[in-house]
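The primary structure of each chain is shown beneath.
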Amino acid sequence: MKKIYLLAATALFALSANAQFTEGFESYDDGPIFTDLWTTWSGSDTGTENMLVSDEKAFEGAQSGLVAGGGAQDAVLDFPGAALTSGVYSLQMKLSIASGKTGYLNLQGNVDPNANAVQEFLSNNVNFTAGSMTINPGTDLAVLVDGSSAVSYTENIWFDVLFVVDLDAATYEVRVDGVSAGVLPAGATNYGGVDFFSSVADTNEMYVDNVVFALGELGADDFSADVFTVYPNPVVNTLNIRSAASVDNVTIYDVLGKQVLSVNPDAISPSVDMSNLSSGAYLVNVTIGNASKTIKVLK
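Residues numbered from 1 in each chain as written. Predicted model: local features only at pLDDT ≥ 70, side-chain atom pairs only at ≥ 80, totals over all residues. Heavy atoms only, no water.

A separate point is the pattern of salt bridges. Using the criterion set out here, one finds four salt bridges in the structure. We note a salt bridge from Glu173 to Arg175, for which the minimum N-O separation is 3.1 Å. Residue classification places Glu173 among the buried residues on the basis of a relative accessible area of 13%. On the basis of relative accessible area, Arg175 is assigned to the buried category, the value being 15%. The network of salt bridges with shared partners includes Glu173, Arg175 and Glu217. (Salt bridge = Lys/Arg side-chain N within 4 Å of Asp/Glu carboxyl O. Buried < 20%, exposed > 50% of the residue type's maximum accessible area, 1.4 Å probe, protein only.)

This is how it looks when you write it as C-alpha cells:
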C-alpha cells in the first residue's frame, strides 16, 4: 500500500510547501482497497462499496482509482486525523470520464466513525455528465445551490478538478481546468473527506488519479499539467522533460523520501539519466521558476 503524507512543516517533497498528502494508486494491487485513507460510506470493508484500483488507464504511472457502474460503490476518502474546523484547503485531482459515462462525488464534513453515521454534507452533489460538471441540490443537504454554473470538461481525456474549501468563510468552490462554477455556501462547519458514489448504475465510470490535498489555496501553476510533461513513463534509462520554459532543477526521491538524484539542467526540455537507479517507483520533482511539481515515475 502506498500512502505518502506530506506535513506542512516538514514536507519531504517539494510538491508544495503546504501539501498534506498525495495519492496516486501506484502501490496497491488491482481491485477493492480498504485503508486508513480509503474507507467506505458504511465504514465496513464490504468489497462492493470500496474504491477500486484499476490498471486500465492512469494519468501518470500505471494505475488509478475507479468508481464503476453497478450502483453499489460508495467509497470515502477519509482525511488523516480529525475533521478540519478552520482554514482554507485545496483538494486537487485528475478525472477521466469517457463519452456516455458519468461521475459523481461530494465533499463531506466529519466522516468518523463513518460517513453514514454522521451524514454531514459540506457540498452539494457534484455531477459529471456529457461533458458538463454541474452542482445540484440534493435531499441530503439543506443548503441550496446559489450562484453556481455549469462548467465544461472534455470527455475521454484527463482533466483537472480543484476544490477550494474556506472553513472560516463557510464556502466551497469547484474549478474544472481552472474555470470556476462559483463560490457556494458550505453545508457543514468542518471538513473530513470526500464521497465517491456510483450514482447511476448503468453509466457511472469515473477514473481518479493524482489526488493532492494541501493547506491554503493552490496557485494556477502549482500543479498545472501545462507547466511540463515527462516521458516515457515507465522509464528505461533516460527521462525526458518537455517544457516551454527552462527547467531549473530536477530532484528525484525514492518512495521512502530519500533523495537519490538531483540535477540543475537550466535548459528547456532537458533529459535526465536514470540508468543508475534501481527498478521501482520514484517521485520526480521539477522546478521551473517559482512553480514546482512532483510526478510519479516508474522504472
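Turning next to the packing of aromatic side chains. The tally for this structure, following the rule as stated, stands at 15 aromatic pairs. For the ring pair Phe25 and Trp38, a centre distance of 5.6 Å and an interplane angle of 35° mean the geometry is tilted. Of the two residues, Phe25 is situated in the loop between strand 2 (19-23) and strand 3 (31-33) and Trp38 in strand 4 (residues 38-40); the sequence distance between them amounts to 13 residues. As far as burial versus exposure is concerned, Phe25 and Trp38 are alike and both buried. When the centroid spacing of 6.2 Å and the interplanar angle of 70° are considered together, the rings of Phe59 and Trp158 count as edge-to-face. In this pair, Phe59 sits in the loop between strand 5 (51-54) and strand 6 (64-67) while Trp158 sits in strand 13 (residues 158-166), placing the two residues 99 residues apart along the sequence. The class for Phe59 is partly exposed, based on a relative accessible area of 25%. The rings of Phe21, Phe79, Tyr89, Tyr191 and Phe213 are connected pair by pair, giving a single aromatic cluster. (Phe/Tyr/Trp six-rings, centres within 6.5 Å; stacked < 30°, edge-to-face > 60°. Helix = DSSP H or I, 4+ residues; strand = E, 2+ residues; numbered from the N terminus.)

Just distances and angles here, no functional claims.
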